[in-house]
Amino acid sequence: MLGEFIYCNPTRIYFGKKALANLEKEIMKYGPKVLLVYGKGSIKKNGIYDEVMTILNKANKEVIEDGGVMPNPTLDKLYEGLKLAKDNKVDLILAVGGGSVIDYAKAVSVGAYCEDDVWEKYFERMEDVDNPIIPVGCILTMVGTGSEANGGSVITNVQKKMKKSHTFGDNVFPKFAILNPEYSYTLPKYQMVAGIYDIFNHLTEQYFSGEDDNTSDYVAEGLMRSLIHASYIALKDPYDYEARSNIMWTATLALNTLTAKGKSTDWMVHMLGKAIGAYTDATHGMTLAVCSLPYYRYIMPYGLAKFKRFAVNVFNVDIKDKSDEEIAKEGLDELEKWMHDLGLVMHAKDLGMTLEMLEEVADKVLITSGGYKTLNHEEIVEILKASL
Ligand code: NZQ
Ligand code: ZN
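Residues numbered from 1 in each chain as written. Chains lettered and ligands numbered in written order. Predicted model: local features only at pLDDT ≥ 70, side-chain atom pairs only at ≥ 80, totals over all residues. Heavy atoms only, no water.

## Topic: the site of ligand 1
Part 1 of the reasoning: Among the 30 residues in the neighbourhood of ligand 1, the closest are listed as K40, S42, G99, S100 and D103.
Part 2 of the reasoning: For ligand 1, an oxygen atom lies 3.0 Å from a polar atom in the side chain of K163.
Part 3 of the reasoning: Out of a free accessible area of 970 Å², ligand 1 has 89% covered by protein chains.
Part 4 of the reasoning: If you list the elements that add at least two residues to the shell around ligand 1, you get α5 (99-111), β6 (152-157) and α7 (189-207).
Part 5 of the reasoning: A class-by-class count of the residues in the shell around ligand 1 yields 8 nonpolar, 18 polar and 4 charged.
Part 6 of the reasoning: Two domains each provide a minimum of three residues to the shell around ligand 1, namely domain 1 (12-183) and domain 2 (189-387). (Near = heavy atom within 4 Å. Polar contact = N/O pair within 3.5 Å; in protein donor to acceptor, adjacent residues only side chain to side chain. Areas by Shrake-Rupley, 256 points an atom, 1.4 Å probe, with all protein chains shown as cover. Helix = DSSP H or I, 4+ residues; strand = E, 2+ residues; numbered from the N terminus. Nonpolar A, V, L, I, M, F, W, Y, C, P; charged D, E, K, R; others polar. Domains from an automatic or database assignment.)

## With respect to the packing of α7 against helix α12 (residues 304-315)
The geometry of a pair of packed helices is captured by two quantities: the angle between their axes and the separation between those axes.
Part 1 of the reasoning: For the pair α7 and α12, the least separation of the axes is 12 Å and the interaxial angle reads 140°. Viewed along their axes, α7 and α12 adopt a mutual orientation that is oblique. As α7 packs across α12, the resulting crossing turns out to be right-handed. The segment α7 lies against α12, with F200, T204 and Y207 engaging K306, R309, F310, V314 and F315.
Part 2 of the reasoning: A per-class count over the contact of α7 with α12 returns 5 nonpolar, 1 polar and 2 charged. (Axes fitted to C-alpha atoms, helices over the stretch in contact; angles between N-to-C directions. Parallel < 35°, antiparallel > 145°, perpendicular 65-115°, else oblique. Left-handed = near helix turned anticlockwise from the far one by under 90°. Contact = heavy atoms within 4.5 Å.)

## Quick notes on the coordination of the zinc ion (ligand 2)
Any two of four tetrahedral donors ideally make an angle of 109.5 degrees at the metal, while pairs among six octahedral donors ideally make 90 or 180 degrees.
Part 1 of the reasoning: Looking at the metal site, the zinc ion (ligand 2) is ligated by D198 (OD), H202 (NE2), H270 (NE2) and H284 (NE2), spaced 2.0 to 2.1 Å from it.
Part 2 of the reasoning: Coordination of the zinc ion (ligand 2) draws on donor residues from a single chain, spaced D-x3-H-x67-H-x13-H in sequence. Here H284 lies in helix α11 (residues 284-299) and H202 lies in helix α7, a separation of 82 residues in the sequence.
Part 3 of the reasoning: On the basis of relative accessible area, H202 is assigned to the buried category, the value being 2%.
Part 4 of the reasoning: According to the relative accessible area criterion, H284 is buried, its value standing at 18%. (Donors = N, O, S within 2.8 Å, 3.2 Å for Na, K, Ca; no water. Buried < 20%, exposed > 50% of the residue type's maximum accessible area, 1.4 Å probe, protein only.)

## Description of the domain arrangement of the protein chain
Part 1 of the reasoning: Each assigned domain of the protein chain is listed with its residue range as follows: domain 1 (12-183) and domain 2 (189-387).
Part 2 of the reasoning: The C-alpha-based centres of domain 1 and domain 2 are spaced at 27 Å.
Part 3 of the reasoning: Contacts between the two partners involve 26 residues from domain 1, matched on the other side by 23 residues from domain 2.
Part 4 of the reasoning: Taken together, both faces of the contact between domain 1 and domain 2 bury some 2100 Å²; the carbon and sulfur share is 66%.
Part 5 of the reasoning: Of all residues in domain 1, the largest losses of buried area upon contact with domain 2 belong to V143, K161 and K163, amounting jointly to 28% of the total for that side.
Part 6 of the reasoning: One can count 0 salt bridges joining domain 1 with domain 2.
Part 7 of the reasoning: Where domain 1 meets domain 2, there are 8 residue pairs in polar contact (both at pLDDT 80 or more).
Part 8 of the reasoning: Broken down by secondary-structure element, the contributors of at least two residues to the side of domain 1 that touches domain 2 are β1 (12-15) and β7 (162-167).
Part 9 of the reasoning: For the side of domain 1 that touches domain 2, the element with the highest residue contribution is β7, accounting for 3 residues.
Part 10 of the reasoning: A per-class count over the side of domain 1 that touches domain 2 returns 12 nonpolar, 8 polar and 6 charged. (Buried area = accessible area lost by both parts, 1.4 Å probe. Salt bridge = Lys/Arg side-chain N within 4 Å of Asp/Glu carboxyl O.)

## Examining the pattern of salt bridges
Part 1 of the reasoning: In total, this model carries 22 salt bridges according to the counting rule given.
Part 2 of the reasoning: For the salt bridge of E127 with K121, the shortest nitrogen-to-oxygen distance reads 2.9 Å.
Part 3 of the reasoning: In this structure, K385 engages E382 in a salt bridge whose closest nitrogen and oxygen atoms are separated by 3.7 Å. Placement of the pair is K385 and E382 together in helix α15 (residues 377-387), with a separation of 3 residues, close to one helical turn.
Part 4 of the reasoning: Look at K385 and you get partly exposed, because its relative accessible area is 42%.
Part 5 of the reasoning: Using a relative accessible area of 48% as the deciding quantity, one classes E382 as partly exposed.
Part 6 of the reasoning: What you see here is one network of salt bridges that share partners, running through D116, K121, R125, E127 and D130.

Given below as structure tokens:
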């Protein structure tokens, strides 16, 4: 590991079937007013809302509800949350949901006492937080983003057609996260597989960078293997606790900063996916699925040694009598096969993207330089075309 880094992940995680039993002692650390943030209603259908309310009521908390957070939360919705949190002087934000709900909660947390416009300060100028932060705790119901134990917050500005993220510091990470794999049982298959691919892509975004012998790469390979293994079991039986629990824990480890240590990290697939998402409002994991293979096939020659290693160590590709290119290519073919087995959306046109949108979408793609090839605008256009 050649890079220098700091490692600190302050999120206290409660994992397992009885994880919710720890909610009471966590909320007692904060004042009486709780902003309860949730999505469009899944938690009311599956009973999690009632379970959480019982605990909040028993603890004599004053609950201010902020429901209706949409997938890919918008800036307009965020402005409503900021007002609710500030007007009510809430002591804790409790997010019950997936990445959208938790990301939104973090944006409310840093934005409620921000005197500037929250979008301009934190999502355009990317400034550090210099105002009071409201603590966030979360109960995870959708597995994929890793938002439960990181500082990421992704907000969509509908008017500007921009989906932007800010990775805040560890003072914004959730203070606690309740992870009960059984909560993921009610996820529709579409969401389950989108989440699985999101996890995988978080790992590859970090893995496909750097050339040093790095422990983070070995950890990432192990996580990828575990995820692929568990995914086939969960596809067959969504109620297989062992598989769902492995997927949930892999999601957290894939983006809790661990596998980024000592790495430059790429994130180019996410940049492409976010631009597609800003124009289509499509499910995050699916936006990654449509552009991954065109991107990886394009950059493969620039990071050949790593793509070969990926083929062998993640997909067990046989190396006998094959060139490095052939091995690396077979690895990506295996990845494609797994993606088909999951039933992912493989074409951006199936997410609502059109050829006419392409140039505009390409203009919105943020170009990163941590991977094996820094793309130019024409290359972005070609990759997006191949994603269609
Ligand atoms: O709104 P409800 O009714 O709750 O329904 C949600 C939503 O429709 C549903 N759902 C969640 N848990 C469920 C459930 N349905 C049945 N049973 C359950 N247990 O699932 C749908 C998707 O939820 P959402 O939170 O949008 O999904 P996800 O966790 O994938 O979050 C996506 C957002 O996170 C951002 C994405 O860009 C996107 O905006 N990301 C955040 C990251 C981070 N914080 O580090 C990194 C990621 O790369 C990503 O960019
Ligand atoms: Zn992601």
